[in-house]
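Chain by chain, the residues run as shown.
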Amino acid sequence: QVQLVESGGGLVQPGGSLRLSCAASRNFFSSAVMAWFRQAPEKARELVANVTNTGKEYLAESVRGRFTISGDLAKNKVYLQMRSLQTEDTAVYFCHLQSIYGDPYWGQGTQVIVSS
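Reading the values: the criteria
Residues numbered from 1 in each chain as written. Predicted model: local features only at pLDDT ≥ 70, side-chain atom pairs only at ≥ 80, totals over all residues. Heavy atoms only, no water. Pairing = 2+ DSSP bridges. Helix = DSSP H or I, 4+ residues; strand = E, 2+ residues; numbered from the N terminus. Axes fitted to C-alpha atoms, helices over the stretch in contact; angles between N-to-C directions. Contact = heavy atoms within 4.5 Å. Buried < 20%, exposed > 50% of the residue type's maximum accessible area, 1.4 Å probe, protein only. Salt bridge = Lys/Arg side-chain N within 4 Å of Asp/Glu carboxyl O. Phe/Tyr/Trp six-rings, centres within 6.5 Å; stacked < 30°, edge-to-face > 60°. Lys NZ or Arg CZ within 6 Å of the ring centre and 35° of its normal.

A.B. asks: What am I meant to see in the sheet that holds strand β8 (residues 77–82) here?
C.D. replies: Strand pairing in a sheet is mediated by backbone hydrogen bonds. Such pairs are either parallel or antiparallel. Spatial strand order, β1-β3-β8-β7: four strands in an open sheet with antiparallel pairing. A single partner strand is all that each edge strand has here, and the edge strands are β1 (4–7) and β7 (67–72). Strand-to-strand, the axes of this sheet are offset by a mean angle of 15°, without reference to chain direction. Across six bridges, strand β3 (residues 18–24) lies against β8 in antiparallel orientation. The residue of β8 that forms the bridge with Leu18 is Met82.

What follows is the structure, encoded as structure tokens:
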């Protein structure tokens, strides 16, 4: 059984920064895609950013210019550097991994609260 372990969430003031980390508990396969999703209260889960094992990256328009995704997919690790955080970024952030075999995995989520 593979688990994704997220860390780095917390409470930050508007304009602040946080760095989220995600790593798989076991590495008997590599990833095709790793991503960060988020879900705000009473809203649907949405894709924030992803990175593929070919180096392609995607960032949602709402975070472009403020967030950066990076990772080592051979080691099943992904990071999300978040800068200039806004209250609208408040959400539970979930790590997602799709293995090279197509199997999906989700993390438990880490809470990010942006508030003064």
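On we go from here.
A.B. asks: Would you mind showing me how to read the environment of Arg26 here?
C.D. replies: Looking at the element boundaries, Arg26 is found in the loop between β3 and β4 (31–39). For Arg26, the residues in contact, after removing those within four places along its chain, are Gln1, Val2 and Asn76.

A.B. asks: Can you help me understand the side chain of Ser99 in this one?
C.D. replies: Within the secondary structure layout, Ser99 lies in strand β9 (residues 91–99). You can call Ser99 buried: its relative accessible area is 1%. If we ignore the near neighbours within four places in the chain, the residues touching Ser99 are Phe29, Ser30, Ser31, Ala32 and Tyr105.

A.B. asks: Explain unusual backbone geometry here, please?
C.D. replies: Residues apart from glycine generally show negative phi values, whereas peptide bonds are mostly found in trans. Phi angles above zero are rare outside glycine, and Glu42 is one such case at about 65°. Summarising the element assignment, Glu42 is placed in the loop between β4 and β5 (46–52).

A.B. asks: Would you mind going over the pattern of salt bridges with me for this structure?
C.D. replies: Opposite charge on two side chains lets them pair, provided their charged atoms get close. One pass over the structure, following the stated rule, counts three salt bridges. Across the pair Glu46 and Arg38 runs a salt bridge whose closest N-O atoms are separated by 2.7 Å. Overall, the relative accessible area of 36% leaves Glu46 in the partly exposed class. Owing to a relative accessible area of 6%, Arg38 belongs among the buried residues under this scheme. Put simply, Arg66 and Asp89 hold a salt bridge, and the shortest N to O gap is 2.7 Å. Placement of the pair is Arg66 in the loop between β6 (57–59) and β7 and Asp89 in the loop between β8 and β9, with a sequence separation of 23 residues. Asp89 carries the same exposure label as Arg66, and that label is buried.

A.B. asks: Just checking my understanding: could you explain the packing of aromatic side chains for this structure?
C.D. replies: Each aromatic ring pair is specified by the distance between its two centres and by the angle formed by the two planes. Within the structure shown, the criterion is met by two aromatic pairs. In this structure, Arg19 is placed above the aromatic ring of Tyr79, and the distance from its NZ or CZ to the ring centre is 4.3 Å. Across from the ring centre of Phe94, 3.7 Å away, lies the NZ or CZ of Arg45, which sits over that ring.

Read these as layout, nothing more, since geometry by itself doesn't imply function.
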